[in-house]
Amino acid sequence: MLEEWQTSWKNGDTGRKIFNIMPSVSLRLTNWIREDVIFLSQHGPFPAYLKRFHLSDSDYCSCGGIGTALHYATECIYTVSWHMRKPAPNFEQEWLKRVANNLVSRYKIRGIIKFMSANRDLFRPP
C-alpha cells in the first residue's frame, strides 16, 4: 500500500509544492499546523493564489508587489516584523524546504498567516 501511495505521489500532477518539500510518503504525522500548510502549499489568502482560481481580479498585494507567499515572507511592508532573507530565484524550493524544517522560520510564517487573517482588508489589492 505504501509503495502504491509513493508511486502515486511521485507521479501525480497535484501537490507539487508540498512534494518538493516532502518527496516521500509516510504514516508518521508532521508537526505542521494550519498556518504551516497554508504557507508551504501556497494555498491561502495570497492574491496570486486567489487570482489563479478566479477568486480575485488582481494578484497584487495592496503594497504594490505580487501577492505570493514568498512576497509576504520576504518583502511586503506590512509583514516586515516576520521577514526572512529572500532566496535567489533558483533556490526558492530549497529555501521552502529549509523554512519547513526550521522551527524559528515556521514561527515567522505562522505570524504572517495569522496577521493576514486578522487584517484581510489591509491585503486587498488596490
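Going by the structure above, here's the rest.
Procedures and definitions
- Residues numbered from 1 in each chain as written.
- Predicted model: local features only at pLDDT ≥ 70, side-chain atom pairs only at ≥ 80, totals over all residues.
- Heavy atoms only, no water.
- Helix = DSSP H or I, 4+ residues; strand = E, 2+ residues; numbered from the N terminus.
- Buried < 20%, exposed > 50% of the residue type's maximum accessible area, 1.4 Å probe, protein only.
- Lys, Arg positive; Asp, Glu negative; His and termini not counted.
- Salt bridge = Lys/Arg side-chain N within 4 Å of Asp/Glu carboxyl O.
- Patch = residues over 30% accessible without salt bridge, like charges linked within 9 Å, V, L, I, M, F, W, Y side chains within 5 Å.
- Areas by Shrake-Rupley, 256 points an atom, 1.4 Å probe, with all protein chains shown as cover.
- Phe/Tyr/Trp six-rings, centres within 6.5 Å; stacked < 30°, edge-to-face > 60°.
- Lys NZ or Arg CZ within 6 Å of the ring centre and 35° of its normal.

Caption draft 1: The arrangement of the environment of Pro 89 in detail. Within the fold, Pro 89 resides in the loop between α5 (69-74) and α6 (92-100). Owing to a relative accessible area of 77%, Pro 89 belongs among the exposed residues under this scheme. Placed 73 residues apart in sequence, Pro 89 and Arg 16 show a C-alpha to C-alpha distance of 17 Å.

Caption draft 2: Structural detail: the side chain of Glu 35. Among the structural elements, Glu 35 can be located in helix α3 (residues 34-41). Buried and unpaired, Glu 35 has no salt bridge, with Arg 34 as the nearest side chain of opposite charge at 4.2 Å.

Caption draft 3: A look at the pattern of salt bridges. Throughout the structure, instances matching the rule amount to four salt bridges. Notably, a salt bridge pairs Arg 106 with Asp 36, separated by 3.3 Å at the nearest N-O pair. Of this pair, Arg 106 sits in helix α7 (residues 103-118) while Asp 36 sits in helix α3; the two residues are 70 residues apart in sequence, bridging distant segments of the chain. One exposure class covers both Arg 106 and Asp 36, and it is buried. Among the charged side chains, a salt-bridge network with shared partners connects Asp 36, Arg 106 and Arg 110.

Caption draft 4: Looking closely at a nonpolar patch on the surface. A cluster of nonpolar residues, Leu 2, Trp 5 and Leu 27, forms a patch on the protein surface that exposes about 330 Å² of accessible area. Along the polypeptide, Leu 27 turns up in the loop between α2 (16-21) and α3. On the accessibility criterion, Leu 27 (65% relative accessible area) is exposed.

Caption draft 5: Representation of the packing of aromatic side chains within the structure. Summed over the entire model, instances satisfying the criterion amount to eight aromatic pairs. Pairing Trp 9 with Phe 19 gives two aromatic rings, centres 5.6 Å apart and planes at 70 degrees, and the pair type is edge-to-face. Here Phe 19 lies in helix α2 and Trp 9 lies in helix α1 (residues 2-11), a separation of ten residues in the sequence. Judged by centre distance (5.0 Å) and plane angle (55 degrees), the ring pair of Tyr 49 and Phe 53 falls under tilted. Owing to a relative accessible area of 39%, Phe 53 belongs among the partly exposed residues under this scheme. By way of ring pairs, the aromatic residues Phe 46, Tyr 72, Tyr 78, Trp 82, Phe 115 and Phe 123 are connected into one cluster. We note Arg 16 situated over the ring of Trp 9; from NZ or CZ to the ring centre the distance is 5.0 Å. The ring of Phe 19 carries the charged tip of Arg 16 above its face, separated from the ring centre by 4.4 Å.

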